[in-house]
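Letter by letter, the chains look like this.
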Amino acid sequence: GESVGLHLPTLSVQEGDNSIINCAYSNSASDYFIWYKQESGKGPQFIIDIRSNMDKRQGQRVTVLLNKTVKHLSLQIAATQPGDSAVYFCAEAWGGLIFGQGTTLQVKP
Amino acid sequence: DVKVTQSSRYLVKRTGEKVFLECVQDMDHENMFWYRQDPGLGLRLIYFSYDVKMKEKGDIPEGYSVSREKKERFSLILESASTNQTSMYLCASSLHGKETQYFGPGTRLLVL
């Protein structure tokens, strides 16, 4: 079956630094991708999405990059803050949504 | 803003009990979903519904059933709870099939 995976289970960054969270997907026909943030004890929260006809999309302090050639998705967080500490999931729309396992982002003060 | 609510944040039940988890969304979304989330296994789809009174099995439907009598409400039922159903249960809704899903806060269920 299809799978979506994140490269690293845990990422630790210094407050103020930029964070990059990576995701590999396996279905080249997927045309929509989403990043979610899940804080401890809460449900996943939508951060940003991107369609396959784009290679970059920017939000507030976040940027998603899509490289269809290598089937790679990344989430960049600028000036990482302690409130960014959470688990980050990518999801691929193929039928329904297929979720990755998640990367835990730890922000050191 | 989309709001998805779940009836309980925490539940403790005994083996063999019938358990109802309720989910309500207020954005007139067509689709609703139930997932469970376990460490190391990520989000796994239990059941989903594309319309009132319609339901489809997800990846792990065994031991669960669902009910969607109204568009805004999607219930997950554990007919006879077992300890391996201890988990975090997440409800989600989306406007259409391949659109963003919006999640509720989750229900953490402990079956003793």
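Position numbers for residues start from 1 in each chain and track the written sequence from start to end. Starting at A for chains and at 1 for ligands, labels are handed out in the order in which the entities are written. Where totals are concerned, whole chains, interfaces and linings use all residues; where local detail is concerned, this predicted model gives features only for residues with pLDDT of at least 70, and gives and counts side-chain atom pairs only at 80 or more. Excluded from the side-chain calculation are hydrogens and water; included are all heavy atoms of the structure.

Peer 1: Report on the sheet that holds strand 7 (residues 64-70) of chain B, specifying residues and quantitative values.
Peer 2: All names here are of chain B. The strand order across the open sheet built from 4 strands is 1-3-8-7, with neighbouring strands paired in antiparallel fashion. Two strands bound the open sheet, and with one partner strand each, they are strand 1 (4-6) and strand 7. Sheet twist, expressed as the mean angle between neighbouring strand axes with direction ignored, is 20 degrees. DSSP bridges decide pairing: two strands pair if at least two such bridges lie between them. Numbering goes from the N terminus for both helices and strands, where a helix is a DSSP run of H or I of at least four residues and a strand is a run of E of at least two. In this structure, strand 7 lies alongside strand 8 (residues 73-78), joined through 5 bridges in antiparallel fashion. Looking at strand 8, one finds that Val66 is bridged to Leu76. The convention used is that axes are lines fitted to C-alpha atoms, helices contributing only their stretch in contact, and that angles between N-to-C directions extend from 0 to 180 degrees.

Peer 1: Summarise the state of the cysteines; cite the residues concerned and give the values.
Peer 2: Only a pair of cysteine sulfur atoms within 2.5 Å qualifies as a disulfide here. Throughout the structure, instances matching the rule amount to 2 disulfides over all chains. Shown here is the disulfide that connects Cys23(A) with Cys90(A), its sulfur atoms set 1.8 Å apart. Measuring the twist about the S-S bond at about 55 degrees, one finds the Cys23(A)-Cys90(A) disulfide to be right-handed. Taken together, the residues span a long stretch of sequence, with Cys23(A) in strand 3 (residues 19-25) and Cys90(A) in strand 9 (residues 86-94) at a distance of 67 residues. This pair shows no difference in class: Cys23(A) is buried, exactly as Cys90(A) is. The side chain of Cys23(B) participates in a disulfide bridge whose partner is Cys91(B); the two sulfur atoms lie 1.9 Å from each other. Judged by the sign of its S-S torsion, about -75 degrees, the cystine formed by Cys23(B) and Cys91(B) is left-handed. Throughout this description, buried means an accessible area under 20% of the type-specific maximum (1.4 Å probe, protein chains only), exposed means over 50%, and partly exposed covers the range between.

Peer 1: Provide a residue-level description of the interface of chain B and chain A, including the pertinent values.
Peer 2: Contacts are assigned to residue pairs with any non-hydrogen atoms lying within 4.5 Å of each other. On the side of chain A, 18 residues touch chain B, which itself brings 18 residues to the contact. At the boundary of chain B with chain A, total buried surface from both sides reaches about 1,400 Å², with 50% on carbon and sulfur atoms. Criterion for a salt bridge: a side-chain nitrogen of Lys or Arg within 4 Å of a carboxyl oxygen of Asp or Glu. Counting the contacts that link chain B with chain A gives 0 salt bridges. Side-chain atoms alone can form a polar contact between residues adjacent in sequence; in general such a contact is a pair of N or O atoms within 3.5 Å, and within protein one must be able to donate a hydrogen while the other accepts it. Run the count over chain B and chain A and you get 5 residue pairs in polar contact (both at pLDDT 80 or more). At the level of secondary structure, the elements contributing two or more residues to the side of chain B that touches chain A comprise strand 4 (31-38), strand 5 (42-49), strand 9 (87-94) and strand 10 (102-103) of chain B. We call Asp, Glu, Lys and Arg charged. Ala, Val, Leu, Ile, Met, Phe, Trp, Tyr, Cys and Pro are nonpolar, and the rest, Gly among them, are polar. Across the side of chain B that touches chain A, the residue classes tally to 8 nonpolar, 7 polar and 3 charged. The term buried area refers to how much accessible surface (probe radius 1.4 Å) is lost by two components on association, counted for both of them together.

Peer 1: If you had to explain the layout of surface pockets to someone new, which residues and values would you point to?
Peer 2: By volume, the largest pocket is sized at about 360 Å³. A 1.4 Å probe that fits but cannot get out identifies a cavity on a 1 Å grid over protein atoms alone, an open set with protein on both sides within 12 Å along at least five of seven lines counts as a pocket, and a residue lines either if it has an atom within 4 Å of a point. Along the wall of the largest pocket there are 17 residues; nearest its centre are Gln38(A), Val87(A), Phe89(A), Gln37(B) and Arg108(B). Looking at the lining of the largest pocket, the elements that each hand over two or more residues are strand 9 of chain A together with strand 4 and strand 9 of chain B. For the lining of the largest pocket, the element with the most residues is strand 9 of chain A, which contributes 3 residues. Across the lining of the largest pocket, the residue classes break down as 5 nonpolar, 8 polar and 4 charged. Grid points are joined across faces, edges and corners, and a volume is the space filled by probe spheres set on the points. A volume near 310 Å³ is recorded for the second largest pocket. In terms of lining, the second largest pocket is formed by 16 residues, of which the most central are Gly43(A), Pro44(A), Gln45(A), Phe103(B) and Gly104(B). Sorting the residues of the lining of the second largest pocket by element identifies strand 4 (32-38) and strand 5 (45-51) of chain A together with strand 10 of chain B as the ones contributing at least two each.

Peer 1: Go over a nonpolar patch on the surface, please, and point to the residues and values.
Peer 2: All names here are of chain B. Surface patches are defined over residues having more than 30% relative accessible area and no salt bridge, joining like charges when they lie within 9 Å and nonpolar side chains (Val, Leu, Ile, Met, Phe, Trp, Tyr) when within 5 Å. In short, Shrake-Rupley with a 1.4 Å probe defines the accessible areas, and a residue's cover is counted only from the protein chains shown. Together, Val12, Leu110 and Leu112 line one region of the surface with nonpolar side chains, adding up to about 260 Å² of accessible area. Within the fold, Leu112 resides in the segment after strand 11 (107-111). On the basis of relative accessibility, which here comes to 47%, the residue Leu112 falls in the partly exposed class.

Peer 1: If you had to explain the packing of aromatic side chains to someone new, which residues and values would you point to?
Peer 2: Working definition: rings of Phe, Tyr and Trp (its six-membered ring) pair if their centres are within 6.5 Å, and the pair is stacked with planes under 30 degrees apart, edge-to-face with planes over 60 apart, and tilted otherwise. Across all of its chains, the model carries 11 aromatic pairs over all chains by this definition. Seen in terms of ring centroids, Phe99(A) and Phe103(B) are 5.9 Å apart; in terms of plane orientation they differ by 70 degrees. Their pairing is edge-to-face. On the criterion of chain membership, the pair formed by Phe99(A) in strand 10 (residues 96-99) and Phe103(B) in strand 10 is interchain, its members lying in two chains. Phe103(B) matches Phe99(A) in its accessibility class, with the two residues each being buried. When the ring of Phe33(B) is compared with that of Phe48(B), the centres are 6.1 Å apart and the planes differ by 25 degrees; the resulting orientation is stacked. Within this pair, whereas Phe33(B) is found in strand 4, its partner Phe48(B) is found in strand 5, the two being separated by 15 residues in sequence.

Interpretation note: all reported values are geometric properties and have no functional meaning in isolation.
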